[in-house]
Amino acid sequence: MKANSVFCLFALIVLTGASRTASAQTTPRSDTPPGKRTLQITVPESGEYIVRILPGASAKEKNLLPSSFKDKKTSVEIETAMLGKSPRIAIDDVKTGNSAIVAIPAGAEIVLHKSDFEHVRVVNVNVTFEGKPVKTALVTLTTADKASSTQTVDAAAKGIAQFEDVPVGKATIKLVYGENLKESREVDLSSDHAGQVVSIPAAVANKVETLDVAIPTTTSTPSANVGPGAAEPGTSTAADAAKPTGGGLAGLIGNFLGLAVAVGALYALFRWSQSGGMAATLKKVGVEVSGPAAPSAAGTPWAPNAAPPPVVADPAACQFCGQVRDTAGNCACALAGGAASSVGASPVIASQPRLVATVGVYSGSVFPLLGGSVTMGRDAGNGIPLTNDTTVSRKHASVRQEGTGYVVADEGSSNGVFVNGVRINGAHTLNPGDEVQVGNTRFRFEL
């Protein structure tokens with residue numbers, strides 16, 4: 001009886017051990033890496049945010065669906081198998097248009113501060129010539145972290161090169177357009193900007209093929225009517241197309257008023273040409289035309305601003321009176337003074353420093369540098385008025401004499417001052433032959 005009890009106990013122990021061994025072979029190990037994990041994100045303040053997962057270069061799937069939240073905290077579930085090597089996560093502040101881009105941590109939490117939002121979500125570079133979008137161009141943006149990105153501008157882009165997730169700080173824009181013409185400029189991107197999209201104007205200096213369309217504008221703040229079924233500002237919907245465009249009596253009256261306005265404009269243009277005002281204006285921008293002379297200022301309410309110095313086509317002729325210089329390079333107006341007074345300029349010596357316009361609407365015009373300092377800009381009160389160049393600031397730059405030489409300085413212009421293609425900061429010494437560019441006008445400095 002005891003032997004049977006011992007045998008049964010032994011058999012029970014063997015069966016229990018076998019059961020445990022089988023269980024250990026079939027049950028998954030608890031330390032197997034899971035396919036997903038949860039990441040908690042905390043932002044500085046409540047608002048509207050977008051979360052974007054940025055997989056690494058080795059990831060098979062590059063584009064993952066973003067998510068949004070409006071509280072100070074949110075949880076995001078990520079699939080580690082889809083992230084690749086060195087993945088990052090971007091949190092976009094919809095209100096400011098700035099983004100915080102950080103590496104995905106090994107832990108389960110990310111705490112962000114305002115200083116972490118140091119990327120601009122969207123930067124548009126608007127490439128134009130004389131106020132119209134260029135047809136084609138290459139735009140390269142080199143950011144503060146020395147990373148470069150190149151975008152192609154074509155007819156569909158309407159002059160806009162768009163860049164995303166741009167770090168704040170100094171950046172360089174390089175433009176290639178036309179027949180391999182090249183320009184570059186520096187910009188300073190800040191996280192303190194108006195609107196969700198930062199637009200950078202980039203007006204090129206040389207003539208290039210453009211599109212006959214208006215420059216697209218970017219809405220700086222979200223429109224209140226944007227949502228499911230609503231159209232973005234400036235776009236049309238099927239409902240708009242279905243609306244009547246004007247017909248019956250209302251359409252007839254509108255057509256009549258439009259015709260009357262057109263006839264009135266043509267009549268005003270005719271009277272302007274007959275009065276000589278059109279010829280005077282064209283002559284001011286360097287276009288010689290024939291026609292009736294403009295009456296004196298006392299006889300007409302329209303009086304153009306003082307025209308720039310006469311255009312000199314012949315290099316052997318004087319830029320002030322148009323007479324041929326002698327063998328020594330002197331002109332009769334410089335020696336006698338009588339001819340100079342007839343064109344409204346003071347007598348000058350042959351070595352008078354001057355700026356000769358080579359590119360732009362003033363190409364061929366000569367501007368003598370009279371006195372110790374002269375300003376140039378769009379305002380007619382400047383010593384060198386560039387009223388027909390809309391890309392020039394009201395008071396754009398100044399040229400002044402320092403010792404025996406001359407320097408040029410930026411007077412707080414919007415588009416900057418360039419010497420030999422390089423934007424200057426402060427005052428810059430000029431050497432004979434240097435090219436000075438303000439807006440779309442380029443000059444050559446001569447002594």
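Residues numbered from 1 in each chain as written. Predicted model: local features only at pLDDT ≥ 70, side-chain atom pairs only at ≥ 80, totals over all residues. Heavy atoms only, no water.

Engineer: Looking at this structure, I do not really get a nonpolar patch on the surface. What am I missing?
Structural biologist: On the surface, Ile253, Phe256 and Leu257 cluster together to form a nonpolar patch covering roughly 330 Å² of accessible area. In this fold, Phe256 is placed in helix α3 (residues 248-275). Residue classification places Phe256 among the exposed positions, given a relative accessible area of 58%. (Patch = residues over 30% accessible without salt bridge, like charges linked within 9 Å, V, L, I, M, F, W, Y side chains within 5 Å. Areas by Shrake-Rupley, 256 points an atom, 1.4 Å probe, with all protein chains shown as cover. Salt bridge = Lys/Arg side-chain N within 4 Å of Asp/Glu carboxyl O. Helix = DSSP H or I, 4+ residues; strand = E, 2+ residues; numbered from the N terminus. Buried < 20%, exposed > 50% of the residue type's maximum accessible area, 1.4 Å probe, protein only.)

Engineer: What am I meant to see in the sheet that holds strand β22 (residues 417-419) here?
Structural biologist: Across a sheet, paired strands are connected by hydrogen bonds in the backbone, their directions being either parallel or antiparallel. On the basis of which strands lie adjacent, the open sheet formed by 6 strands has the order β17-β16-β26-β25-β22-β23 and antiparallel pairing. In the strand order of this sheet, the two ends are held by β17 (366-368) and β23 (422-423), each with one partner. (Pairing = 2+ DSSP bridges.)

Engineer: I'm lost on the packing of aromatic side chains in this one. Help?
Structural biologist: Each aromatic ring pair is summarised here by two numbers: the centre-to-centre distance and the angle between the ring planes. For the structure on display, the rule yields 5 aromatic pairs. Ring centres 6.3 Å apart and planes at 65 degrees place the aromatic pair Tyr362 and Phe367 in the edge-to-face group. Phe367 carries the same exposure label as Tyr362, and that label is buried. Ring centres of Tyr406 and Phe445 lie 6.0 Å apart, and the angle between their planes is 50 degrees; on these two criteria the pair is classed as tilted. Of this pair, Tyr406 sits in strand β21 (residues 405-410) while Phe445 sits in strand β26 (residues 441-446), and the two are 39 residues apart along the sequence. (Phe/Tyr/Trp six-rings, centres within 6.5 Å; stacked < 30°, edge-to-face > 60°.)

Engineer: Can you walk me through the sheet that holds β21 in this structure?
Structural biologist: Pairing in this open sheet of 5 strands is mixed, and the strands run β19-β18-β20-β21-β24 from one edge to the other. Of all strands in the sheet, those bounded by a partner on one side alone are β19 (384-385) and β24 (427-430).

Engineer: How should the side chain of Asp93 be read in this particular structure?
Structural biologist: Along the chain, Asp93 falls in strand β5 (residues 88-93). For the buried Asp93, no salt bridge exists, and the shortest N-O distance to an oppositely charged side chain is 7.4 Å, to Lys95. Ignoring sequence-local partners within four residues, the contact set of Asp93 consists of Glu48, Tyr49, Asn98 and Phe117. (Lys, Arg positive; Asp, Glu negative; His and termini not counted. Contact = heavy atoms within 4.5 Å.)

Engineer: Please clarify how the nonpolar core should be interpreted in this entry.
Structural biologist: One recurring pattern in soluble globular proteins is that nonpolar side chains are buried together. Formed by 24 residues in total, the largest nonpolar core has its most connected members in Val125, Val134, Val139, Ile173, Leu175 and Val204. Only β8 (119-129), β10 (137-142), β12 (160-167), β13 (169-177), β14 (181-189) and β15 (197-203) provide two or more residues apiece to this core. In terms of residue count, β8 provides more of this core than any other element does, 5 residues in total. In contact with Val125, other than residues within four places in its own chain, are Val139, Gly159, Ile160, Ala161, Phe163, Ile173, Ile200 and Ala202. (Core = buried A, V, L, I, M, F, W, Y, C linked by side-chain atoms within 4.5 Å.)

Engineer: Would you explain the side chain of Ser393 in this entry?
Structural biologist: Mapping Ser393 onto the fold places it in the loop between β19 and β20 (397-402). Among the residues examined, Ser393 registers a relative accessible area of 12% and is labelled buried. One polar contact links the side chain of Ser393 to the main-chain amide nitrogen of Ser414, over a distance of 3.0 Å. For Ser393, the residues in contact, after removing those within four places along its chain, are Gly377, Arg378, Ser413 and Ser414. (Polar contact = N/O pair within 3.5 Å; in protein donor to acceptor, adjacent residues only side chain to side chain.)

Engineer: Where do I start with unusual backbone geometry in this structure?
Structural biologist: The general pattern is negative phi for most residues beyond glycine and trans for most peptide bonds. A positive phi is found at Ser86, a non-glycine position, where the angle reads about 55 degrees. Relative to the helices and strands, Ser86 resides in the loop between β4 (73-79) and β5. Ser86 sits in the exposed class, given a relative accessible area of 57%. A positive phi angle, near 55 degrees, is found at Glu130, a position not held by glycine.

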